[in-house]
Amino acid sequence: GVNAYACTMTALERIPEIVQELREGFHSGVLRDVESRRVHLRALRELFVEQEDRLIDALVADVGKPRIEAYTTEIAFTINEIDHTLKHLDAWTKPTKVKVPLTFKPGSATLRPEPLGTVCIIAPWNYPVQLLFAPLVPALAAGNTAVLKPSEVTPSVSALIEELVPRYFSASTVAVVTGAVDETTALLEQRFDHIFYTGNGKVGRVVMRAAAEHLTPVTLELGGKSPAIVAGDANVEVAAKRIAWAKFLNAGQTCVAPDYVLVDERVEDALVTALADAVTTFYGADPRQSNDYARIVNERHHDRLMKLLEAGGYDATVIGGTGDRGSRYIAPTVLAGVKPDAAVMDDEIFGPILPILTVNDVDEAIRFVSDREKPLALYVFSSDDDTLEHVVSSTSAGGVTTNHAVLHLAVPDLPFGGVGESGMGSYHGKPGFDTFSHAKAVLNKPTRPDPALMYPPYSSVKQKILRKFL
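Because the structure is a prediction, the values reported are computed rather than measured.

Engineer: I tried to follow the pairing of strand 7 (residues 218-221) on my own but got confused; where do I start?
Structural biologist: Where a strand is regular, its side chains alternate between the two sheet faces. Neither face of strand 7 is open: one carries Val218 and Leu220, the other Thr219 and Glu221, and all of them are buried. For the crossover that starts at strand 6 (residues 194-198), traverses helix 9 (residues 201-213) and ends in the parallel strand 7, the hand is right-handed. Pairing between strand 7 and strand 18 (residues 423-424): two bridges, direction antiparallel. By the bridge assignment for strand 18, Glu221 is matched with Gly423.

This is the structure we're talking about:
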């Protein structure tokens, strides 16, 4: 698809002004009361409902997404997040009571969520609508003004967002900065009260360094190699279907896609056969002809993925392995007999290539995962509850789905985020509201009684009493 828009760039000198206007908006109280937050969340919902077709057109142009995939993973996902937030906003914004120790009575203590101020949200290209606006939902719910930075790699989406946001929001509430490295660098030089970044670890480090200058807290939603473990007693047919669906969704360009499979050697052949069957069932004999299979975002990523295949380190390409640079197509690919030191095992693949490694048993799989950086997601397939529990409790990952993949991030009240190298902080639902809020500790004391015990001079009697009760 030809991109409908040239990538727009915000003028560098405008960036401090844009942020300043958002700061002034915050200080003027544009989102202070809960009702004004509701109004803005409904405006965001309206944007998604009224502009659905244009948003999907832009996603198809930039990433070659199947329309229904663009709708479910980007549009519907974000609308659900808005609806869930609107439903629970009153409860989330209420102060919560905290117990006061006897020694500090009379008095009452509460935790009051208060907005942080003006926040910056930087989105990647793989889900360029959802990953920009889903974090905006809790940011607005918590009462913050926000600057949005869409990805320059998806220029149609970026230009459309730059056009639409000012139609639904005032420049003192939500603003957009477009562009590439220079514009992002200028944006990160501004002082924010929180920076929310989704992308890779390399840029994550750049974001964190910039944030350190202003002591700005960050949420980093990064990636990593998310494993799928298939135990010897797994339902192989179902496991294969679910792994294939999760892996080849968006042509593998999903941060929580299964990055590789660790399969019990006893069921490897059955799994490989079932994966091949699943791909044919989903996309037909030639996935290139399927309307339900996405494309790689650009030639650079296409070249990177094809190089991984050329680098070897595996016994066989079970299915796929072919690509067409002109149409940015790479076939759904499954590699068998992959060596742990193969090129595909170095970094997150972020494409439709699925390496399969064999293990003797689940314990070997656990050791393999634990010896590497902590992944954003982990999937385990087994028909035995004890095995599932053993894997979940013996490994560390941002999130886990058992006997399926990817779905945990669609449960509104489960926090979504990484751990270690796969990120820090989380969002979705209430955890998102908490990310963009400060829980202010408030102790209320009456003026009476006012015992002299607390004040100097500290007589020996006072000291005895204080030592006994404090």
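Engineer: When you look at a negative patch on the surface in this model, what are you seeing that I'm missing?
Structural biologist: Together, Asp233, Asp384, Asp385, Asp386 and Glu389 give the surface a local cluster of negative charge. The topology assignment puts Asp233 in the loop between strand 8 (227-230) and helix 10 (236-248).

Engineer: Is there a simple way to think about unusual backbone geometry in this case?
Structural biologist: The phi angle of most residues is negative, glycine excepted, and most peptide bonds adopt the trans form. With an omega of -5 degrees, the peptide bond between Arg448 and Pro449 qualifies as cis. Along the polypeptide, Pro449 turns up in the loop between strand 20 (437-444) and helix 16 (460-469). With omega at 0 degrees, the peptide bond leading from Pro456 into Pro457 counts as cis. You can see Pro457 is positioned in the loop between strand 20 and helix 16. Phi angles above zero are rare outside glycine, and Arg328 is one such case at about 55 degrees. Relative accessible area serves as the criterion here: at 11%, Arg328 is assigned to the buried category. At Phe350, a position not held by glycine, the phi torsion is positive, near 55 degrees. Its place among the elements puts Phe350 in the loop between strand 13 (333-336) and strand 14 (353-359).

Rules and cut-offs
- Here the residue numbering is sequential within each chain, running from 1 through the sequence in written order.
- Only residues with pLDDT of at least 70 are given local features in this predicted model, and only at 80 or more are side-chain atom pairs given and counted; all residues enter the totals for whole chains, interfaces and linings.
- Computation of side-chain values covers all heavy atoms of the structure but excludes hydrogens and water.
- In this scheme, a residue with accessible area under 20% of its type's maximum is buried, one over 50% is exposed, and one in between is partly exposed, where area comes from a 1.4 Å probe on protein chains only.
- Each helix corresponds to a stretch of at least 4 residues labelled H or I by DSSP, and each strand to a stretch of at least 2 residues labelled E; elements are numbered beginning at the N terminus.
- With the strands pointing away from the viewer, any crossover whose connection runs clockwise from the first strand over the helix to the second is right-handed.
- Note on pairing: DSSP must find at least two bridges between two strands before they are called paired.
- Residues with no salt bridge and a relative accessible area higher than 30% make up the patches, which join like charges within 9 Å and nonpolar side chains (Val, Leu, Ile, Met, Phe, Trp, Tyr) within 5 Å.
- Here the accessible surface of atoms and residues is derived via Shrake-Rupley with a 1.4 Å probe, and residues count as covered only by protein chains that are part of the display.
- Salt bridges are counted wherever a side-chain nitrogen of Lys or Arg sits within 4 Å of a carboxyl oxygen of Asp or Glu.
- Counted as positive: Lys and Arg. Counted as negative: Asp and Glu, with His and the chain ends omitted from the count.
- The atoms used to mark charge sites are NZ of Lys, CZ of Arg, CG of Asp and CD of Glu.

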